Amino acid sequence: MKAPRVTLDQWRTLQAVVDHGGFAQAAEALHRSQSSVSYTVARMQDQLGVPLLRIDGRKAVLTEAGGVLLRRSRQLVKQASQLEDLAHHMEQGWEAEVRLVVDAAYPSARLVRALTAFMPQSRGCRVRLREEVLSGVEEVLLEGVADLAITGLSIPGYLGAELSDVEFVAVAHPEHALHRLNREINFQDLESQMQVVIRDSGRQQPRDVGWLGAEQRWTVGSLATAATFVGSGLGFAWLPRHMIERELREGTLKLLPLDQGGSRNPSFYLYSNKDKPLGPATQILIELLRTFDTAPLDAPFAAPEQA
């Protein structure tokens, strides 16, 4: 890649001439001599081979090409400034990235709110979000490729901060054979029907959480796929209520009238990587995740303005 001929200082000088209305005003704003500012801009034009300014009376006015290049240069200078700020924050211990792994059953609305509130406080810190199912969350955390983890399973050797429950409900299509029984459903009724379960994304010790040992079982890769299958009349499943509220309202899914166990409410927990010190950005994100975890999912929410 060819090295750029024009420096960031030269672009800043051009911006100052335009923004302050002339070479003398730019020189005053930059605390430089007018001849230095004039030379910098003239040198830029020679290096680029394109006229950037023309003098109209006593005022420097952008040429058409100068206007295009100036607009592009503003983004360039802004990004360079952000890069320098990020280096400064990193020197102070501020992380460049926080890696968050979350069980797919955890409400994404809570994540969106927490991450939206984190943005204006992030100081350029990125968030790398990864979704897993069941023991897949634990494996990612134990492998050291996550800083924070949200899961409904207990992770041995870790102390997690308790979050809210997630309600799972047993559902099937309204015309499913189980609903046509027109009575309370028991364990034996379920055993004779096909159950749709979500595959554990863990590789070492995958679990069959929620499987009843039904004669037929279809295993799918995501909760969304499971909801689609069940909504099409293919089997029954326990699904997070927050994911299927619309389907329940519209009648494409219907709660199964189980005599027991029709609703499950596992608690979720927030874990941090105990082998890595918590940086300031990670600590802020932890507090935001805990704060927005308790907010009702249907509560009005306005994203905060960025600083």
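Residues numbered from 1 in each chain as written. Predicted model: local features only at pLDDT ≥ 70, side-chain atom pairs only at ≥ 80, totals over all residues. Heavy atoms only, no water.

The name given to the chain in an unreviewed UniProt entry is LysR family transcriptional regulator, with Pseudomonas fungipugnans as the source organism.

I'd like a description of the side chain of threonine 40, backed by residues and values.
Note on placement: threonine 40 falls in helix H3 (residues 34–48). Ignoring any residue separated from it by four or fewer positions in sequence, one finds threonine 40 in contact with Gln10, Thr13 and Arg32. (Helix = DSSP H or I, 4+ residues; strand = E, 2+ residues; numbered from the N terminus. Contact = heavy atoms within 4.5 Å.)

So what's going on with the nonpolar core? Residues and values would help.
Within the largest apolar cluster, 53 residues are counted, with the highest numbers of intra-cluster contacts made by Ile150, Leu239, Leu256 and Leu289. Considering each element in turn, this core owes the most residues, 6 residues, to helix H10 (residues 280–293). Those residues in contact with isoleucine 150 that sit more than four places away from it in its chain are Val101, Val102, Asp103, Tyr106, Leu111, Val137, Leu163, Phe268, Tyr269, Leu270 and Leu289. Ranked by size, the runner-up nonpolar core spans 16 residues in total, among them Phe23, Ala27, Ala60 and Leu70. (Core = buried A, V, L, I, M, F, W, Y, C linked by side-chain atoms within 4.5 Å. Buried < 20%, exposed > 50% of the residue type's maximum accessible area, 1.4 Å probe, protein only.)

Describe the side chain of serine 122, naming the residues involved and giving the relevant values.
For serine 122, the location among the structural elements is in the loop between helix H5 (108–118) and strand E4 (126–132). Assessed through its relative accessible area of 11%, serine 122 is described here as buried. A polar atom in the side chain of serine 122 sits 2.8 Å from the backbone oxygen of methionine 119. (Polar contact = N/O pair within 3.5 Å; in protein donor to acceptor, adjacent residues only side chain to side chain.)

Please set out the pairing of strand E7 (residues 168–172) residue by residue, giving values where relevant.
Two faces belong to every sheet, and in a regular strand the side chains alternate between them. With 5 of its 5 residues buried, E7 lies for the most part within the structure. Neither face of E7 is open: one carries Phe168, Ala170 and Ala172, the other Val169 and Val171, and all of them are buried. Of the pairings in the sheet, the one linking E7 to strand E10 (residues 236–240) comprises 5 bridges and is antiparallel in character. Bridging from a neighbouring strand, phenylalanine 168 pairs with proline 240 of E10. When E7 meets strand E12 (residues 263–264), the two strands line up antiparallel, connected through 2 bridges. Paired with phenylalanine 168 across the bridge in E12 is arginine 264. Across 2 bridges, the pairing between E7 and strand E11 (residues 254–255) is antiparallel. Paired with alanine 172 across the two strands is lysine 254, which belongs to E11. (Pairing = 2+ DSSP bridges.)

An account of helix H1 (residues 8–20) is needed here, citing residue identities and associated values.
In this model, H1 (13 residues) spans 18 Å end to end at C-alpha, consistent with the 18 Å of a helix rising 1.5 Å per residue. For H1, the full list of buried residues reads Gln10, Trp11, Thr13, Leu14, Gln15, Ala16 and Val17. Phi for glycine 21, located one or two positions after H1, is positive at around 85°. (Expected span 1.5 Å × (residues − 1).)

Describe the packing of aromatic side chains, naming the residues involved and giving the relevant values.
For the structure shown, the criterion picks out 5 aromatic pairs. Ring geometry for tyrosine 106 versus phenylalanine 268: centroids 6.0 Å apart, planes at 45°, classification tilted. On the criterion of sequence distance, the pair formed by tyrosine 106 in the loop between strand E3 (97–103) and H5 and phenylalanine 268 in strand E13 (residues 267–272) is long-range, its members being 162 residues apart. With a relative accessible area of 3%, tyrosine 106 lands in the buried category. On the accessibility criterion, phenylalanine 268 (2% relative accessible area) is buried. (Phe/Tyr/Trp six-rings, centres within 6.5 Å; stacked < 30°, edge-to-face > 60°.)

Describe the pattern of salt bridges, with residues and values.
Considering all chains together, one arrives at 11 salt bridges under this definition. Linking arginine 110 and aspartate 293 is a salt bridge whose minimum nitrogen-to-oxygen distance equals 4.0 Å. Placement of arginine 110 in helix H5 and of aspartate 293 in helix H10 is noted, with a sequence separation of 183 residues between them. Side by side, arginine 110 and aspartate 293 carry an identical accessibility label, which is buried. (Salt bridge = Lys/Arg side-chain N within 4 Å of Asp/Glu carboxyl O.)

Please set out the packing of H5 against H10 residue by residue, giving values where relevant.
Remark: H5 packs on H10, axes separated minimally by 9 Å, with the N-to-C direction vectors making an angle of 140°. Accordingly, the angle class assigned to the pair H5 and H10 is oblique. Between H5 and H10 the crossing geometry is right-handed. In this structure, H5 contributes Arg110, Leu111, Arg113, Ala114, Leu115, Ala117 and Phe118 to the contact, and H10 contributes Ala281, Ile284, Leu285, Leu288, Leu289, Phe292 and Asp293. Tallied by class, residues from the contact of H5 with H10 come to 11 nonpolar, no polar and 3 charged. (Axes fitted to C-alpha atoms, helices over the stretch in contact; angles between N-to-C directions. Parallel < 35°, antiparallel > 145°, perpendicular 65-115°, else oblique. Left-handed = near helix turned anticlockwise from the far one by under 90°. Nonpolar A, V, L, I, M, F, W, Y, C, P; charged D, E, K, R; others polar.)

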